[in-house]
Structure formats: structure tokens, C-alpha cells
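Listed here are the chains, written in short residue letters.
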Amino acid sequence: MVTVAMAPPKGAPELDALQREGVVFLLRKGFDSLEAIEGPDGMEIELMDDVIAAHPGGVLLKLFVDAPALEFAEDAAREVVAELLERTEPLADWQITRCAVELNSELLQESLDAADGPDAPPSDPAERARRHRVAEPAPAPGRLDPAEVEAMRSRLRALAPLLAAFPLDCFGYFDDPEQRTVGREAAEVAAGALVLAIDLLVDELFTDLASLEDDGPTVAESDATFMLLDDLPPQFADEYTVLFARRLTVTAVTLTARLTQPHPTRPTCIAEELLLRFLLTQAEVTADLYDLLTEDVGAALEAFADSIEGDLTEDDLDIGPTGAGDWFTPYDDEDFVHPYAANDDEESMQGPSAR
């Protein structure tokens, strides 16, 4: 894995939420067009996956590559990111501030076990650990600056109280030590990550809506790259119209507003369950990118998912066979769905000018 940090020119103001989403969108379009990275002497380095996260000071990118040597992976990643920035006009002045490789620990262990010769590491794990303790310490490659990690930790903990519908006991932290499954810090980091994910979710939906309006009429027929709509169940892609995207955006705004009110809440329709899944995924990605996804933070996010009525942790959601339009139907008469989202009459919602 290659970690690449990028930042705008020195002296530039911090990126606001919309600018961060715009940068991620531009980078996503660039990387989605790549299947491999060209290394030295035309060597092809496979690009297996990537994760892009923006913060007020820039962007953190993680590239998962298959390369025969560490230096090849790092050099190729640096070159392709530099080229992508150069040809993307709004990012042409951005600079790479860090580029480093992290080894896959399982592959590294296989290599160590297979090594032989006088300089090979001992096979006994205890002896290897002893040698590591007496060796000169070296900084781990690809790790974030500790100051960045602590800044994000503080930010997420400060955001936690905004998730008023779910107190910390929904994340496994109780006043009674006997009931606790995680510590207070882990619960607050998890809650704060979900609050931060709200901004990202809504911004991504607005960005997708604009893209679909320009290059519709449906996701199935569009050549655009979508930030969130592409992650919806693909079998209904021909039903993801501009109206559907608007209804989903209104539902997201309604749902996330409830999360910040001091009243218990749960998903009221299938669309809300899907949106909550996206929130959880974004929260996990954010915590992971900032080296904050510890075992306790992961457990806190799982506890949150379990505290909501629904199947947020299940692989398959019962979305029914009738199509995406039914995702906005309330589960029962007591459940509230915004009137705009509940209305599936496309012609009436377009207004007289559409006729």
C-alpha cells in the first residue's frame, strides 16, 4: 500500500466541505480511469484499490498496488499522482507532501518465513521480537504524522455530542463500568466520525444529483462517475433518475437532521437503511485513514449499528423485488417520510413547465 498526501499551495485557505468533495470527485474520476500504473522500463504495476479522503488541509490517498519491489510501487505512485494533478486544472498547483509505502503484513511474514541464509531473520517469533526491541527504532513508513492523528482525534471527540439521538451508551460506553464494552474515547471517536460522515454524505448526494442532471437521464445510461449512486444496488440502476436522486437527497437531509435531535430514532424506510449503511462505511473509512480505527472504535461502530432497528450489519438488505421507487414507502403508519420523498409521481413533481 502506498500512502500519498497532497496539499494546495502554501498560504491557500483551508478547504470547505464543498471544496473537499469537489477535490475527491476530481481525483476519483482520474483514478477510476486507471487499471494499472506504469513503473520503471514500462513495468506494469496493478492498481487493486484506492481510498481517497479530503480534510481541510488537503487530501490523503491510499493506493493498494501489486508491485515486485517497494521502490517501484512508491516511484510509480508518485509519478501517476503528480501527472494526475498536473492535468487536472483546478489541482495543477497542488503538491505531493508525502509518498511512502506500507508492506502487507501477511506477505511480509511469508517472505520472512521463506528466507534462508545467515542473514535471514530467526523463525522463532520471540527471538525476532527480542531483536526488534534492541534494534535502533525507525519510523514506520506511510504512517500519518502523530500531530495529524491527534488533531483528528480531538476533532471527532468534539463532534460526538452533536449526535444527540444516540448517547454514548449506544456505542458501548456506560457510566456503570460493569456494562461498558468500550472506553469513552473510543465511543466519542466513533460518534464523531458519524457526525463528520453526515457532511460527506449530503455533499456527495448533491454532487451526484448535479452530475445526473447534466448526464442523465438515469445512472444506467450515464457515463458520469458518481460518488454514491454507483454504490446503490446495481440491478435498479435504470430506476436511478434525477427525481430518484432528489428524493434520496431529501431523505438523507431528513434522516441526518433526526440524528442530531435528542430523541431516539430508527430507519423509517428502506432508503434510510441504505443511507445509514453509507454513513457507517464513511465513518469507518475516516477513522481508518487517520489511524483511529482501533479495535475499540470498530466495536463502538458495531454497537451503534446494533442499537438501530434494521439490518445495517447484514450483507443483504431486504430491498424487495418491486423496485427502487418503493424504498421511500414508510414501514408503518407511525413512520415519517418527507412528503417530497414519499411522492413518486414524477410528472406532478416536475411542474407545469415539464409538460
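### Quick word on the environment of Leu 196
- Counting through the fold element by element, Leu 196 comes out in helix α6 (residues 184-215).
- Spatially, the C-alpha atom of Leu 196 lies 9.2 Å from that of Ala 160, the residues being 36 residues apart in sequence.
- Not counting the four nearest positions on each side in its chain, Leu 196 is found in contact with Met 152, Arg 155, Leu 156, Leu 159 and Thr 286.

### As for the packing of helix α7 (residues 242-259) against helix α8 (residues 270-289)
- At their nearest, the axes of α7 and α8 sit 10 Å apart, and the two run at 70° to each other. By the angle between their directions, the pair α7 and α8 is classed as roughly perpendicular. The handedness of the crossing between α7 and α8 comes out as right-handed. Across the interface between the two elements, Leu 248, Thr 251, Ala 252, Leu 255, Thr 256, Arg 258 and Leu 259 from α7 touch Ala 271, Glu 272, Leu 275, Leu 276 and Leu 279 from α8.
- When grouped by side-chain class, the residues that make up the contact of α7 with α8 number eight nonpolar, two polar and two charged.

### Things to note about the nonpolar core
- Counting 71 residues, the largest nonpolar core has Phe 171, Leu 248 and Trp 327 as its most contacted members.
- Of all the secondary structure elements, the ones that give two or more residues to this core are α5 (146-159), α6, α7, α8 and α9 (295-307).
- For Phe 171, the contacting residues outside a window of four places in its chain are Leu 163, Phe 166, Val 182, Ala 187, Ala 190, Ala 191, Leu 194, Ala 300, Ala 303 and Phe 304.

### Describing unusual backbone geometry
- Of note, the amide linkage connecting Gly 216 to Pro 217 takes the cis form, showing an omega dihedral of 10°.
- Position of Pro 217 among the secondary structure elements: in the loop between α6 and α7.
- In this structure, Asp 291 takes a positive phi of about 55° despite not being glycine.
- Judged by relative accessible area, which is 26%, Asp 291 ranks as partly exposed.

### A short note on the packing of α5 against α6
- Running from amino to carboxyl end, α5 crosses α6 at an angle of 80°, the nearest separation of the two axes being 7 Å. The orientation of α5 with respect to α6, classified from their angle, is roughly perpendicular. Residue-level contacts link Met 152, Arg 153, Arg 155, Leu 156, Arg 157 and Leu 159 of α5 to Glu 185, Glu 188, Val 189, Gly 192, Ala 193, Val 195 and Leu 196 of α6.
- Of the residues in the contact of α5 with α6, the class split is seven nonpolar, one polar and five charged.

### Side note on the side chain of Ser 211
- Structurally, Ser 211 can be placed in helix α6.
- Discounting residues that sit within four places of it in the chain, Ser 211 has contacts with Phe 25, Ala 224 and Phe 226.

### Quick look at the confidence of the model for the chain
- Here the chain shows a mean pLDDT of 79. Residues at 70 or above account for 74%.
- Per-element confidence in the chain is highest for α7, whose mean pLDDT is 94, and lowest for helix α3 (residues 105-114), whose mean pLDDT is 46.
- Taken together, the stretch residues 103-112 has pLDDT below 50 and engages in four contacts with residues farther than four places along the chain or on a different chain.

### Brief notes about the packing of aromatic side chains
- Summed over the entire model, instances satisfying the criterion amount to seven aromatic pairs.
- For the pair Phe 166 and Phe 304, a centre-to-centre distance of 4.9 Å together with 75° between the ring planes defines the contact as edge-to-face. Here Phe 166 is found in the loop between α5 and α6, whereas its partner Phe 304 is found in helix α9, with 138 residues between them in sequence. Each member of the pair, Phe 166 as well as Phe 304, is classed as buried.
- Seen in terms of ring centroids, Phe 244 and Trp 327 are 5.9 Å apart; in terms of plane orientation they differ by 70°. Their pairing is edge-to-face. Of this pair, Phe 244 sits in helix α7 while Trp 327 sits in the loop between α9 and α10 (339-342), placing them 83 residues apart in sequence.

### Quick look at α8
- Compared with an ideal rise of 1.5 Å per residue, which puts 20 residues at 28 Å, α8 spans 29 Å between its outermost C-alpha atoms and is within 8% of the ideal.
- For α8, the buried fraction is high: 15 of the 20 residues fall into the buried class.
- Immediately beyond the C-terminal end of α8, within one or two residues, lies Asp 291, with a positive phi of roughly 55°.

Thresholds, definitions, all that
- Residues numbered from 1 in each chain as written.
- Predicted model: local features only at pLDDT ≥ 70, side-chain atom pairs only at ≥ 80, totals over all residues.
- Heavy atoms only, no water.
- Helix = DSSP H or I, 4+ residues; strand = E, 2+ residues; numbered from the N terminus.
- Contact = heavy atoms within 4.5 Å.
- Axes fitted to C-alpha atoms, helices over the stretch in contact; angles between N-to-C directions.
- Parallel < 35°, antiparallel > 145°, perpendicular 65-115°, else oblique.
- Left-handed = near helix turned anticlockwise from the far one by under 90°.
- Nonpolar A, V, L, I, M, F, W, Y, C, P; charged D, E, K, R; others polar.
- Core = buried A, V, L, I, M, F, W, Y, C linked by side-chain atoms within 4.5 Å.
- Buried < 20%, exposed > 50% of the residue type's maximum accessible area, 1.4 Å probe, protein only.
- pLDDT = per-residue confidence, 0-100.
- Phe/Tyr/Trp six-rings, centres within 6.5 Å; stacked < 30°, edge-to-face > 60°.
- Expected span 1.5 Å × (residues − 1).

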